[in-house]
Amino acid sequence: MNGPKGRRELIKLLGFGGVVFASGLAGACTKILRKSGGREDDFFFVQLSDTHWGFKGPPNPEAANTLRQAVRAVNALPQEPDFVVFTGDLTHTTDDEGERHKRMREFKAIVADLKVPVRRYMPGEHDASLDQGKAFQEHFGATHYSFDHKGIHFAVLDNVSDAQAAIGDAQLDWLLADLKPLPADAPIVVFTHRPLFDLAPQWDWATKDGSKAIDLLQHWKNVTVFYGHIHQEHHFRTGAIAHHAAQSLIFPLPAPLSQPKRAPVPWDPAHPRRGLGYREVSVDESRLVLTLKEDSLEGTGAAQPAAASGSY
Amino acid sequence: MRRLHLKLGEPVVLELTTVDRKHGFQVSDLNIDESIEPGKVTRVRIVPAKAGTLLFHCDVFCGSGHEEMAGEIVVKP
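Procedures and definitions
- Residues numbered from 1 in each chain as written.
- Chains lettered and ligands numbered in written order.
- Predicted model: local features only at pLDDT ≥ 70, side-chain atom pairs only at ≥ 80, totals over all residues.
- Helix = DSSP H or I, 4+ residues; strand = E, 2+ residues; numbered from the N terminus.
- Buried ≥ 20, exposed ≤ 12 C-beta atoms within 10 Å, placed from the backbone.
- Contact = placed C-beta atoms within 7 Å.
- Pairing = 2+ DSSP bridges.
- Axes fitted to C-alpha atoms, helices over the stretch in contact; angles between N-to-C directions.
- Right-handed = clockwise from strand over helix to strand, strands pointing away.

Novice: Please provide a residue-by-residue account of the overall build of chain A, values included.
Specialist: For chain A, the count of helices and strands is 7 helices and 11 strands. Counting the 312 residues in chain A, one finds 47% classified as buried. Taking the intrachain contacts of chain A between residues at least 6 apart in sequence as the baseline, contacts between residues at least 24 apart amount to 68%.

Have a look at this one:
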């Protein structure tokens, strides 16, 4: 499989371990990796986040189209990902319960146009905090769960159904029980909505008991967390754990604490999709090196994704 | 943005109430994290120990307009 996996040799040379920066090499290598030693080929998945279906407002006058543009862009990728994952805030919050269900039905109908048949969902606070995830579960299933895919264990954590942004001890107990059978060097990917670490508690960019999850996850050596919520690409490490936030598909937010108020970056009619995009994550045959490619919706009419801005 | 002006070293007690649903009052830099329940008064004592600007926000996701429930505490000498 070629495409987003091309930077592996340089990544290994850079040697930061796990996930590393390898900017500007998108498309530099088209080597096809084949099954060897009983391992399966490389694969990749796509992370989409914070689509906020139902949002209306000046930060994105094209909000009624952006989700469809993202679907078209993912469908236009040269290769089909193994799965896509939506890391929360599928819909924009509404106090009207009927409208909440309507937005979830509409969201589901739009993403049904994705060619990739496997879609993983989790809620953001906009989907779940007002009814403790009830509507979300009705339309999309469990708010926390795990699954295995080609040698990687994936765990989905819900840090939004509690309106105070806590995971809760019951779910942490579940996580421990879920991971316990895995060896210390097992590759583990965690999907969640809010950052598990204190990125900017002053802006509500944190999880109340996220440190408990991080302490628990530290027992495994190869853990990577993908999350959303902050509407921008961001990369951070807590010990051995890498944390990667994705761009949103509704409007970008400013860098953490870069201004007094957390407010959307004003919409620019000259660049209507600037700051909007999604992420391709490729996994090499060792299952220990993840390569990230950030795709932008900008400047393309979204029929095709724009060139990658960098990769990790 | 909502601003609360305080004087350095002068203690204040904030009385917080809600008329609709549960909200929160969080000032991370002061380790203040309080819930505000309907029908109750939540009292928060602050002794401004240094001049500057601190951010506060509602940390209970409360629906439409939640992101607007934020402001600054400005402490002046």
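Novice: Please provide a residue-by-residue account of the sheet that holds strand 7 (residues 222-227) of chain A, values included.
Specialist: All names here are of chain A. Reading across from one edge, 4-5-6-7-9-8 is the order of the 6 strands in this open sheet, with mixed pairing throughout. A single partner strand is all that each edge strand has here, and the edge strands are strand 4 (145-149) and strand 8 (234-238). Within the sheet, the average angular offset between the axes of one strand and its neighbour, ignoring direction, is 20°. For strand 8 and strand 9 (residues 241-245), the ladder comprises 5 bridges, and the chain directions are antiparallel. Each bridged residue has a counterpart across the sheet, and for Arg 237 the counterpart in strand 9 is Ala 242.

Novice: An account of the sheet that holds strand 11 (residues 290-296) of chain A is requested, with residue identities and associated values reported.
Specialist: Residue and element names in this part refer to chain A. What the 5 strands build is an open sheet, ordered 3-2-1-10-11; its pairing is mixed. Each having just a single partner strand, strand 3 (119-122) and strand 11 make up the two edges of the open sheet. Here the strands of the sheet are splayed against their neighbours by 20° on average, with no regard to which way each runs.

Novice: Could you give an account of the pairing of strand 7 of chain A, with specific residues and numbers?
Specialist: Residue and element names in this part refer to chain A. Here strand 7 lies mainly inside the structure; 6 of its 6 residues are buried. Of the two faces of strand 7, the one lined by Asn 222, Thr 224 and Phe 226 and the one lined by Val 223, Val 225 and Tyr 227 are each fully buried. In this sheet, strand 7 lies alongside strand 6 (residues 187-191) in parallel orientation, the contact comprising 5 bridges. Of the residues in strand 7, the one forming a bridge with Val 189 is Thr 224. With respect to chirality, the unit in which strand 6 leads through helix 7 (residues 210-217) into the neighbouring parallel strand 7 is right-handed. Bridge analysis of strand 7 against strand 9 gives 4 bridges, and the strand direction is parallel.

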